[in-house]
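This is what each chain is made of:
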Amino acid sequence: MINKIATTMQDAVSRIPDGAAVMVSGFGDSGLPRELLHALVRHGASDLTLISNNAGTGDYGLAALLAAGLVRKVICSYPKSSGADVFTSLYRAGKVELEVVPQGTLVERMRAAGAGLGPFFTPTSYGTPVAADKEQRVIDGVGYVLEQPLRADFALIKACHGDRWGNLTYRMAGRSFGPIMAMAARHSIAQVDDVLPLGAIPAEAVTTPGIFIKTVVHKGAAHADA
């Protein structure tokens, strides 16, 4: 019997080792798997490469992971969001690396990885410092930059509903990068608001099929870790 439900947040993140590349869903706080991130802080895996839309705000979630000194490198499209004081301080002190990727390119790099595709050309960032050290070509009069697929060892994503097979639905903007990250990572972990019985999610409503998810954990399981 397939059952991907983890009993606690700590169980869900227990396989993440030092040096792992970890994708984290969310557009700002919308779709951010905050409880999973806090469990990862307690787990203590270090030297992580963090792949996300932003570099965290305040003192929670992504910022908590950074503040704990567990992140070696951040790959994101928007590192200077309001309240990104933790990242800013670490970056200026030379304690964390940064790779800035235009948001559309970031998504397409992950999509290419999830679809099993190779490098692709995009006009975004052509002729700018962001494209430095990358192959650039002019095709039919348009400048392009060659970008590589972006894969991860793990993905931490937040969803609305999930079942024991790992099928997921999302709520509004909370969907964000979740479905793409689930495809681009070897081991995807979904924090869900509700675990539903198998078959309760209509097939046509499934946004992320369970084949892309290894672990599902209820957001309330965080209390078992306290």
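Structure: see above.
Since we're looking at a predicted model, the values are computed, not measured. (Residues numbered from 1 in each chain as written. Predicted model: local features only at pLDDT ≥ 70, side-chain atom pairs only at ≥ 80, totals over all residues. Heavy atoms only, no water.)

Re the overall build of the protein
Stage number 1. Secondary structure assignment for the protein yields 7 helices and 11 strands.
Stage number 2. For 226 residues, the compact-globule formula gives about 17 Å, and the C-alpha radius of gyration of the protein, at 18 Å, lands near that figure.
Stage number 3. Taking all 226 residues of the protein together, 48% fall into the buried category.
Stage number 4. Taking all contacts inside the protein whose residues are at least 6 apart in sequence as the whole, residues at least 24 apart take part in 74%.
Stage number 5. Accessible surface computed for the protein: about 10,500 Å², of which carbon and sulfur atoms make up 53%. (Helix = DSSP H or I, 4+ residues; strand = E, 2+ residues; numbered from the N terminus. Rg over C-alpha atoms; globule rule 2.2 N^0.38 Å. Buried < 20%, exposed > 50% of the residue type's maximum accessible area, 1.4 Å probe, protein only. Contact = heavy atoms within 4.5 Å. Areas by Shrake-Rupley, 256 points an atom, 1.4 Å probe, with all protein chains shown as cover.)

Comments concerning the nonpolar core
Stage number 1. By size, the foremost hydrophobic cluster in this structure holds 33 residues, and its most contacted members are Ile16, Val22, Leu36, Leu48, Leu65, Val74 and Leu156.
Stage number 2. Those elements that place two or more of their residues in this core are helix 1 (9-13), strand 1 (21-24), helix 2 (34-43), strand 2 (48-51), helix 3 (62-67), strand 3 (71-76), helix 4 (85-92) and strand 8 (152-162).
Stage number 3. The element that contributes the greatest number of residues to this core is helix 2, accounting for 4 residues.
Stage number 4. In contact with Leu48, other than residues within four places in its own chain, are Ile16, Pro17, Gly19, Ala20, Val22, Leu40, Leu65, Leu70, Val71, Arg72 and Lys73.
Stage number 5. Formed by 24 residues, the second largest nonpolar core is a distinct cluster that contains Ala113, Ala155, Ile157 and Val192. (Core = buried A, V, L, I, M, F, W, Y, C linked by side-chain atoms within 4.5 Å.)

Re the side chain of Lys73
Stage number 1. Within the fold, Lys73 resides in strand 3.
Stage number 2. Side chain to side chain, Lys73 and Glu99 meet in a polar contact 3.2 Å long.
Stage number 3. Leave out the neighbours within four places in its chain, and Lys73 touches Leu48, Thr49, Leu50, Val96, Glu97 and Glu99. (Polar contact = N/O pair within 3.5 Å; in protein donor to acceptor, adjacent residues only side chain to side chain.)

Quick look at the pattern of salt bridges
Stage number 1. With the rule as written, the count across this model stands at 9 salt bridges.
Stage number 2. Between Glu147 and Lys134 there is a salt bridge, with its nearest N and O atoms 3.0 Å apart. Within this pair, whereas Glu147 is found in strand 7 (residues 142-147), its partner Lys134 is found in the loop between strand 5 (120-122) and strand 6 (136-139), the two being separated by 13 residues in sequence.
Stage number 3. With a relative accessible area of 1%, Glu147 lands in the buried category.
Stage number 4. Exposure remark for Lys134: the relative accessible area of 26% places this residue in the partly exposed category.
Stage number 5. Between Arg137 and Glu135 there is a salt bridge, and its shortest N-O distance comes to 2.6 Å.
Stage number 6. Residue Glu135 is classed as partly exposed on the basis of its relative accessible area, which comes to 35%. (Salt bridge = Lys/Arg side-chain N within 4 Å of Asp/Glu carboxyl O.)

Section: unusual backbone geometry
Stage number 1. For Asp133, which is not a glycine, the phi torsion comes out positive at approximately 70 degrees.
Stage number 2. Positionally, Asp133 belongs in the loop between strand 5 and strand 6.
Stage number 3. The exposure class assigned to Asp133 is exposed, which follows from its relative accessible area of 86%.
Stage number 4. Its identity is not glycine, yet Ser176 carries a phi of approximately 35 degrees, on the positive side.

Structural notes on a nonpolar patch on the surface
Stage number 1. Together, Ile2, Trp165 and Leu198 make up an exposed nonpolar region whose accessible area comes to about 280 Å².
Stage number 2. With respect to the helices and strands, the residue Ile2 is situated in the segment before helix 1. (Patch = residues over 30% accessible without salt bridge, like charges linked within 9 Å, V, L, I, M, F, W, Y side chains within 5 Å.)

A word on the side chain of Asn53
Stage number 1. Among the secondary structure elements, Asn53 is positioned in the loop between strand 2 and helix 3.
Stage number 2. On the basis of relative accessibility, which here comes to 5%, the residue Asn53 falls in the buried class.
Stage number 3. Polar contacts involving the side chain of Asn53 include one to the side chain of Asn54, which spans 3.3 Å.
Stage number 4. Residues in contact with Asn53, not counting those within four places in the same chain, are Gly26, Phe27, Gly28, Cys76, Ser77, Tyr78, Gln103, Leu106 and Phe177.

Spatial relationships are all this shows, so hold off on functional conclusions.
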